[in-house]
Amino acid sequence: MHRLPLPFLLVSLAAFGLAGCEIIPAAKPDPTQFYVLSVPAIPTTREAVPPGAQIRLGLRPLTLPGYLSNTKNLVVRRGTNAVTYLTFDRWAENLDLGAGRLIAQRLAASARVSGVETYPFDRAIDRDYDLSIDIERCEGQIDTAGNAIALVVLHYEITTAGAGGKIVAQGTLAPAGQAWDGRDANALAAALSQTLLHAADGLVAELPAKLKQRFTPEDS
């Protein structure tokens, strides 16, 4: 049995070690992108509403269907029933929170509204009405012809404020979808933001007149 020279052994071990390092692949950058619902600006409306006629709203937590609430991935619907979750394109916040924030900003920008309180409500602040919103659709839609739009459908209910409030208005808002290219997730997030803003415009148009007497915490 022949012994190998020490230098030869050292060189062989070093080469083996380098070869072993190459087995571990280099780390790849995370391709995930995150998006928020937002618009460049929401101008304050200039309706002729006396300060005493403005209403204060309470905005309850928005609700979503399970296929939207159980994920943060942007969703694209193809046809009627098939939905695709965009693997690397995600909302930076829960969709109900982002949609609620945008709607609250639009409502607060109306001259008909003196303020918007979000849930949980401060018992020290009285309100005229409470607003409940169920979002049915908030996603990209691609039809069989390849036309792509951002689609929002929501149901709303406005009640007098407090527990057991009386319904004063309810309905469904489905504004015309904003077009997008069917590929760019950033464009989809922007189009959904604009479509949701149009739905909020519809909510402003449905706001009732001011109550003669507001709800106060003692009335609950």
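Here the structure is shown first, and the text comes after it.
Residues numbered from 1 in each chain as written. Predicted model: local features only at pLDDT ≥ 70, side-chain atom pairs only at ≥ 80, totals over all residues. Heavy atoms only, no water.

A. Structural view of empty space enclosed by the protein. Counted under the stated rule, the structure contains one cavity of 30 Å³ or more. Leu68, Thr71, Lys72, Asn73, Leu74, Val75, Trp91, Leu95 and Cys138 are the residues that line the largest cavity. It is strand β3 (residues 73-78) that contributes the most residues to the lining of the largest cavity, three residues altogether. Looking at the lining of the largest cavity, its residues break down into six nonpolar, two polar and one charged. (1 Å grid on protein atoms, 1.4 Å probe; cavity = no way out; pocket = protein on both sides within 12 Å on 5 of 7 lines; lining within 4 Å. Points joined across faces, edges and corners; volume = space filled by probe spheres on them. Helix = DSSP H or I, 4+ residues; strand = E, 2+ residues; numbered from the N terminus. Nonpolar A, V, L, I, M, F, W, Y, C, P; charged D, E, K, R; others polar.)

B. Unusual backbone geometry, seen in detail. Each neighbour pair has its own omega, and for Tyr119 with Pro120 the value is 0°, a cis peptide bond. When you line up the elements, Pro120 lands in the loop between β5 (113-118) and β6 (129-142).

C. Quick look at the packing of aromatic side chains. Across all of its chains, the model carries one aromatic pair by this definition. Centre to centre, the rings of Tyr119 and Phe121 are 5.4 Å apart; their planes meet at 85°, and the pair counts as edge-to-face. The cationic tip of Arg127 hangs over the ring face of Phe121; the distance from NZ or CZ to the ring centre is 4.0 Å. (Phe/Tyr/Trp six-rings, centres within 6.5 Å; stacked < 30°, edge-to-face > 60°. Lys NZ or Arg CZ within 6 Å of the ring centre and 35° of its normal.)

D. Representation of the environment of Val153 in the model. In this fold, Val153 is placed in strand β7 (residues 148-160). Using a relative accessible area of 12% as the deciding quantity, one classes Val153 as buried. Expressed as a C-alpha distance, the spacing of Val153 and Gly177, which sit 24 residues apart in the sequence, is 9.6 Å. If sequence neighbours within four positions are ignored, Val153 has contacts with Asp134, Ile135, Glu136, Arg137, Thr172, Leu173 and Ala174. (Buried < 20%, exposed > 50% of the residue type's maximum accessible area, 1.4 Å probe, protein only. Contact = heavy atoms within 4.5 Å.)

E. Just the nonpolar core, in detail. In terms of nonpolar packing, the biggest core is built from 49 residues, with Ile103, Leu107, Ile133, Leu154 and Leu203 touching the most fellow members. Among the elements that take part in this core, helix α4 (residues 185-205) stands out by supplying eleven residues, more than any other. Setting aside residues up to four positions removed in sequence, Ile133 forms contacts with Leu59, Pro61, Leu62, Thr63, Ile103, Leu154, His155 and Leu203. (Core = buried A, V, L, I, M, F, W, Y, C linked by side-chain atoms within 4.5 Å.)

F. The side chain of Gln141, seen in detail. By the element assignment, Gln141 lies in strand β6. Classification of Gln141 by relative accessible area gives buried; the value is 13%. Here Arg137 takes part through its side chain, which lies 2.7 Å from a polar atom of the side chain of Gln141. Among residues more than four places away in sequence, those in contact with Gln141 are Arg77, Arg78, Gly79, Asn147, Ala148, Ile149, Leu151 and Trp180. (Polar contact = N/O pair within 3.5 Å; in protein donor to acceptor, adjacent residues only side chain to side chain.)

G. Main features of helix α3 (residues 95-108). Compared with the 20 Å implied by 1.5 Å per residue over 14 residues, the 20 Å span of α3 between its first and last C-alpha is a close match. Within α3, the full set of buried residues consists of Leu95, Gly98, Ala99, Gly100, Leu102, Ile103, Ala104, Arg106 and Leu107. (Expected span 1.5 Å × (residues − 1).)

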